[in-house]
Amino acid sequence: MSDLTANAKDLAAGLLDFPQMARRWAHVQGVGERATELTSTVVPADRDLLVAAAWLHDVGYAPDLVDTGLHSLDGARYLRRNGYPLRLVGLVAHHTCARIEAAERGLADQLAVFPLEEGPLMDALVTADLTVGPQGQRLEVAERIEEILHRYPPQSPVHRAIQRAEPLLKAHARRTLGRLDADEQPPP
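Residues take numbers from 1 onward in each chain, read along the sequence in its written order. At least 70 in pLDDT is required for a residue's local features to be given in this predicted model, at least 80 for side-chain atom pairs to be given and counted, and no such filter applies to totals for whole chains, interfaces and linings, which use all residues. For side-chain calculations, the full set of non-hydrogen atoms in the structure is used, while hydrogens and water are omitted.

Student: Could you give an account of empty space enclosed by the protein, with specific residues and numbers?
Tutor: A cavity here means a set of 1 Å grid points, computed over protein atoms only, where a 1.4 Å probe fits but cannot escape. A pocket is an open set with protein on both sides within 12 Å along at least 5 of 7 lines, and lining residues have an atom within 4 Å of a point. Grid points are joined across faces, edges and corners, and a volume is the space filled by probe spheres set on the points. Going through the model one piece at a time under the given rule, you end up with 1 cavity of 30 Å³ or more. In this structure, the largest cavity occupies an estimated 250 Å³ of space. Secondary structure elements with two or more residues in the lining of the largest cavity: helix 2 (22-37), helix 4 (71-81), helix 6 (98-104), helix 9 (141-151) and helix 10 (157-184). Among the residues forming the lining of the largest cavity, the class breakdown is 9 nonpolar, 6 polar and 6 charged. In this text, helices come from DSSP runs of H or I with a minimum length of four residues, and strands from runs of E with a minimum of two, each type numbered from the N-terminal end. Basically, the charged four are Asp, Glu, Lys and Arg, the nonpolar ten are Ala, Val, Leu, Ile, Met, Phe, Trp, Tyr, Cys and Pro, and anything else, Gly included, counts as polar.

Here you go:
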């Protein structure tokens with residue numbers, strides 16, 4: 001485990017590993033494990049960054065960090081203040097199509113200050129998040145989206161954002177799982 005990943009895991013545990021956050025912490029642990037399984041879908045230089053981002057993607061839910069109510073933005077702001085690499089901060093800021101929820105909440109301009117990473121790295125982070133349920137259990141992407149829509153009422157900005165983002169979220173996962181399948185195929 002790299003220093004970046006170990007630090008990310010320790011920070012996430014320090015912010016989320018307590019009884020009031022038990023479900024969130026279980027989810028984060030599962031996403032960290034899933035991201036580790038998906039590292040072959042990104043270039044070797046990005047593998048530690050993927051796993052670190054997975055461990056940190058939900059730190060914005062920590063009660064002491066909640067400011068705007070958009071957990072990806074609150075987490076990214078905290079990480080930026082504490083000197084984390086800009087790419088990592090951007091991955092946390094924009095994970096799982098956060099820009100759509102930011103627009104729903106009137107926070108798009110605030111989120112836009114963070115770099116938006118597109119490509120295999122973001123695809124893998126989104127896939128890790130969307131294949132792990134709230135208790136750390138593995139889910140199919142469609143099941144995870146349905147679980148989120150069920151958990152948040154229709155008038156919630158989270159519900160509306162996930163509905164709007166669903167095709168994009170599924171595309172992230174489809175690309176990542178396609179890369180994973182290609183990696184697992186024996187050479188011709």
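After presenting the structure, the write-up continues.
Student: An account of the UniProt feature "domain: HD" (unreviewed entry) in the protein chain is requested, with residue identities and associated values reported.
Tutor: UniProt positions are given in the numbering used here, feature names are shortened, and annotations may be inferred rather than shown by experiment. Residues annotated by UniProt as "domain: HD" (unreviewed entry) correspond here to residues 24-102. Between the first and last C-alpha atoms of residues 24-102 the distance is 21 Å; the span itself is 62% helix and 0% strand.

Student: Explain helix 2 to me, using residue names and the numbers behind them.
Tutor: Along its 16 residues, helix 2 runs 23 Å from first to last C-alpha, staying within 8% of the 22 Å computed at 1.5 Å per residue. Three labels apply to residues, based on accessible area from a 1.4 Å probe with only protein chains included: buried if under 20% of the type maximum, exposed if over 50%, partly exposed otherwise in between. For helix 2, the full list of buried residues reads Arg24, Trp25, His27, Val28, Gly30, Val31, Gly32, Arg34 and Ala35. Any helix carries an expected span of 1.5 Å times its number of residues minus one.

Student: Describe the packing of aromatic side chains, with residues and values.
Tutor: Paired rings are identified among Phe, Tyr and Trp, the last through its six-membered ring, by centres lying within 6.5 Å, and are further divided according to the angle between planes into stacked (under 30 degrees), edge-to-face (over 60) and tilted (the rest). Applying the stated criterion across every chain yields a total of 1 aromatic pair. Between Trp25 and Trp55 the ring centres are 5.8 Å apart and the planes differ by 45°, which places this aromatic pair in the tilted class. Of this pair, Trp25 sits in helix 2 while Trp55 sits in helix 3 (residues 47-56); the two residues are 30 residues apart in sequence, bridging distant segments of the chain. The residues Trp25 and Trp55 share a single accessibility class, namely buried.

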